[in-house]
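If you want the building blocks of each chain, they are given just below.
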Amino acid sequence: MSRITNARCLCGAVKFSARLPDTEIHACHCAQCQRWTGGGPLLTVRVQEVSTTGADAIRAYHASAHGERAFCGICGTTLYWRMQGHDIAYLPVGLFEDQSGLAVGDEIFVDHRPSWLPAWPEAAQRDEAEMQTELAAFLEGDAK
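So, a few notes on the structure that sits alongside this text. (Residues numbered from 1 in each chain as written. Predicted model: local features only at pLDDT ≥ 70, side-chain atom pairs only at ≥ 80, totals over all residues. Heavy atoms only, no water.)

Concerning the nonpolar core
Core analysis: the biggest nonpolar cluster contains 24 residues, and Val-14, Phe-16, Val-45, Val-47, Leu-79 and Tyr-80 have the highest contact counts within it. For this core, the elements supplying multiple residues, two or more each, are β2 (15-20), β3 (24-28), β7 (67-72) and β8 (78-83). No other element matches β2, which puts three residues into this core. Excluding residues within four positions of it along the chain, Leu-79 makes contact with Cys-9, Val-14, Phe-16, Ile-58, Ala-70, Phe-71, Cys-72, Leu-91, Pro-92 and Leu-95. Ranked by size, the runner-up nonpolar core spans seven residues in total, among them Cys-30, Leu-42, Ile-108 and Phe-109. (Core = buried A, V, L, I, M, F, W, Y, C linked by side-chain atoms within 4.5 Å. Buried < 20%, exposed > 50% of the residue type's maximum accessible area, 1.4 Å probe, protein only. Helix = DSSP H or I, 4+ residues; strand = E, 2+ residues; numbered from the N terminus. Contact = heavy atoms within 4.5 Å.)

Next comes the structure, spelled out in structure tokens:
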């Protein structure tokens, strides 16, 4: 169920139009995402063909050697996490005007999930070691 949808930050200074190739929400429980969102996981959906308006309001923070976290410089809304030098591949689900039909299907860094937050029973579960292996493979392929 691919569809084009719109998203925006709280103040509307930054807007996105993107194609959602599927309906899966991804939940990241890493310590950085928990701090960045104020407690829970970063909940995102995969996007393609992203167009952005208001890029002058976007501020970025390089939180690691490979990752970039972006936010609206006016209202502070979390905008995206992406690999440095790569296109935006995921946007937070809360930015989308239409969230219908979406469901959590993937949880990562589950060994860092807070004890007060239950797992989504239907979601795939991957821990930090699995994610580090995936990241290393991605970076190795990127270097070639």
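Some words on unusual backbone geometry
Non-glycine residue Glu-49 carries a positive phi angle of around 50 degrees. Positionally, Glu-49 belongs in strand β5 (residues 48-53). The backbone of Phe-109 sits at a positive phi, close to 55 degrees, despite the residue not being glycine. By relative accessible area, Phe-109 is classed as buried at 14%.

Quick notes on the sheet that holds strand β6 (residues 58-61)
In a beta sheet, neighbouring strands are held together by backbone hydrogen bonds and run either parallel or antiparallel to one another. Reading across the sheet, the three strands line up as β6-β7-β8 and stay open at both edges, with antiparallel pairing between neighbours. A strand with exactly one partner marks an edge of an open sheet, and here the two such strands are β6 and β8. Between one strand and the next, the sheet's axes are offset by a mean angle of 25 degrees, whatever the strand orientation. Two strands pair when backbone bridges link them, and β6 and β7 are joined in this way by four bridges, in the antiparallel orientation. When the sheet's bridge partners are listed, Ala-60 is paired in β7 with Ala-70. (Pairing = 2+ DSSP bridges. Axes fitted to C-alpha atoms, helices over the stretch in contact; angles between N-to-C directions.)

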